[in-house]
Amino acid sequence: MEMACVPGLSYRQVLGQKQVYSLKLLAMDSCELEKFLYEAQLENPFIQMTEQPENAKDCRITALDDYERSFRCRRSSVEEDWDGEPSAGRKAPEDKQEFFRMQLSRRLSAAENRIFCYMIMTMDSRGYISAEDVEIAENLRVEPEEVIRIRVLIQSLEPVGIGARNLQECLCLQLERKGEKNGLCESIVRNDLPDVASGKYQKIASRYGVTKQTVLRELERIRALNPIPLNGYGEDESQYIVPDIIVEREKQEWFIRLNTGNEGICISEEYSKLMRKYQDEDTARYCREKWRDARFLQKCLEQRKQTLLKIAGCFLSRQQDFCAGRAPLKPMKMKELAAAAGMHESTVSRAVRDKYMQLPVGVFRMRDLFEQSFGEEDAAGESEIKADIRRWIAGEDRRKPISDQQIAELFCKKGISISRRTVAKYREELHISSSRARRCES
């Protein structure tokens, strides 16, 4: 079987080369691809990078098209009117006012809008508005009741906890949203965080007439809350995200394009003409190999482009209301999109890895736009996995805390294949300490 040599990669046979090489290109983000093509151009004289026209539209999506029909034929069993929270991993747009305003369910009056804009402007990087309502009212020369109404409005938006004056209020807002207001957990948050920080758990237990074990269970629930709602959103100029796919809307039409500085590559006409003139067999063989390499790379790039556009098109078809800022993100597993796109799930997973998509409502890590699933039958999603981890740890014997490996084994008994590292990752996202740290706390 004929060998083909591609810059930076070597393969045993053409079939393996086509598969592995295409997948490697597919996994590259736009910056990695740009660097790779630049290096390939230096190594192969037949490769020429071509610039992408400004504002090029690679793919046009109308309201009803093949993507939409594809999803209708493969409708998920998940309810269409899901009203859960949008993905927590997303990045907010630089304009925080726009980000929060698009969540409002009604148009503000001129007076309300003035207060709203002022309060969002004074919001710090954590999402807190630390100024008291009376102070804001004095600065704006309005009644405190007007400021209170706008603060309550802001605190009703996403992410949960924004608009709080301090840490205690931020955590209490999250407990209230969970339906856990006026309980022991809220009392500890409001009154006992200094003792929590000092590890005085028995003192807290005595204050409320409960056992130390009860206090520790409440602390696990507190650790699962988010003390920094914005968590780095917005204005840190040291954070740059280059979206790989850009989705735009013009009037009633949607457009999708890949965000690359080049359209792809073309075969150098000059070197192709020279190749025909060479009489030396070694030189001619070298030219033929480089020409085939360039042609092969060209085909792989086109395949990568069409794969990403198809994935983005299927996503947009399913999530048009979310992309337009009219509704939350619908639950969608990667397996579901792969079926609609006619691809293997592993191909979609590789395609979205470490890539970002720019939508009219913000820039999102593509993997965060999907519900994670585990097990052969998609028995559980990420939220269910985390709920089980939280429940098992809350009910553990603190003298012998359950380890991440033991949790992984419990999932295995439920028919869910999950690694110890994945358990540790989700445990940390829930702000739960390791088993060794929990043993020390008891």
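Structure first, text after, so check above.
These remarks concern the structure in this document.

Cut-offs and rules
Residues numbered from 1 in each chain as written. Predicted model: local features only at pLDDT ≥ 70, side-chain atom pairs only at ≥ 80, totals over all residues. Heavy atoms only, no water. Buried < 20%, exposed > 50% of the residue type's maximum accessible area, 1.4 Å probe, protein only. Helix = DSSP H or I, 4+ residues; strand = E, 2+ residues; numbered from the N terminus. Pairing = 2+ DSSP bridges. Arc of directions from axis to C-beta. Contact = heavy atoms within 4.5 Å. Axes fitted to C-alpha atoms, helices over the stretch in contact; angles between N-to-C directions. Parallel < 35°, antiparallel > 145°, perpendicular 65-115°, else oblique. Nonpolar A, V, L, I, M, F, W, Y, C, P; charged D, E, K, R; others polar. Salt bridge = Lys/Arg side-chain N within 4 Å of Asp/Glu carboxyl O. Core = buried A, V, L, I, M, F, W, Y, C linked by side-chain atoms within 4.5 Å.

This part takes up the pairing of strand E4 (residues 253-258). The side chains of a regular strand alternate between both faces of the sheet. Most of E4 sits out of view: five of its six residues are buried. In this sheet, E4 lies alongside strand E3 (residues 245-250) in antiparallel orientation, the contact comprising six bridges. The residue bridging Val-247 from the neighbouring strand is Ile-256, located in E4. Once E3 ends, the chain turns through two residues before running back antiparallel as E4, passing Lys-251 with a positive phi of about 60°.

A word on helix H9 (residues 184-191). Of the positions making up H9, those classed as buried are Cys-185, Glu-186, Ile-188 and Val-189. Viewed end-on, H9 has its buried residues packed into an arc of 160°, placing them on one side of the element. Packing partners of the buried residues in H9 comprise helix H8 (167-177), helix H10 (193-197), helix H11 (201-208) and helix H12 (212-223).

Interaxial distance between helix H16 (residues 334-341) and helix H17 (residues 345-352) falls to 8 Å at its minimum, and their mutual angle equals 110°. If you check the angle between H16 and H17, you find them roughly perpendicular. Contact residues: Met-334, Lys-335, Leu-337 and Ala-338 in H16; Glu-345, Val-348, Ser-349 and Val-352 in H17. Taken together, the residues that form the contact of H16 with H17 break down as five nonpolar, one polar and two charged.

Right, let's get into the pattern of salt bridges. Going through the model one piece at a time under the given rule, you end up with 23 salt bridges. Taking the shortest distance from any N to any O, the salt bridge between Lys-386 and Glu-429 comes out at 2.7 Å. With Lys-386 in helix H18 (residues 382-394) and Glu-429 in helix H20 (residues 420-429), the pair connects residues that are 43 residues apart, well separated along the chain. Residue class for Lys-386 comes out buried when judged on its relative accessible area of 18%. Residue Glu-429 is classed as partly exposed on the basis of its relative accessible area, which comes to 36%. Each of the salt bridges in this network shares a partner with another, and the network as a whole consists of Glu-132, Asp-133, Arg-151, Arg-165 and Glu-169.

Turning our attention to the nonpolar core. Counting residues in hydrophobic clusters, the biggest one holds 33 residues, and the most contacted among them are Ile-245, Phe-315 and Leu-359. Of all the elements in the fold, those that place two or more residues in this core are E3, E4, helix H14 (281-318), helix H15 (320-323), H16, H17 and strand E6 (356-359). If you tally residues by element for this core, the top one is H14, at seven residues. With 22 residues, the next largest nonpolar core counts Phe-99, Leu-108, Met-119 and Leu-140 among its residues.

Take the environment of Lys-24 next. Residue position: Lys-24 is located in helix H1 (residues 14-27). Placed 280 residues apart in sequence, Lys-24 and Arg-304 show a C-alpha to C-alpha distance of 9.8 Å.

Before going further, it helps to spend a moment on the packing of helix H19 (residues 404-413) against H20. At a closest axis distance of 8 Å, the pairing of H19 and H20 adopts a crossing angle of 110°. Classed by the angle they form, the pair H19 and H20 counts as roughly perpendicular. Between H19 and H20, the contacting residues are Asp-404, Gln-405, Ile-407, Ala-408 and Phe-411 on the first element and Arg-420, Val-423, Ala-424 and Arg-427 on the second. Tallied by class, residues from the contact of H19 with H20 come to five nonpolar, one polar and three charged.

These values are about where atoms sit, not about what they do.
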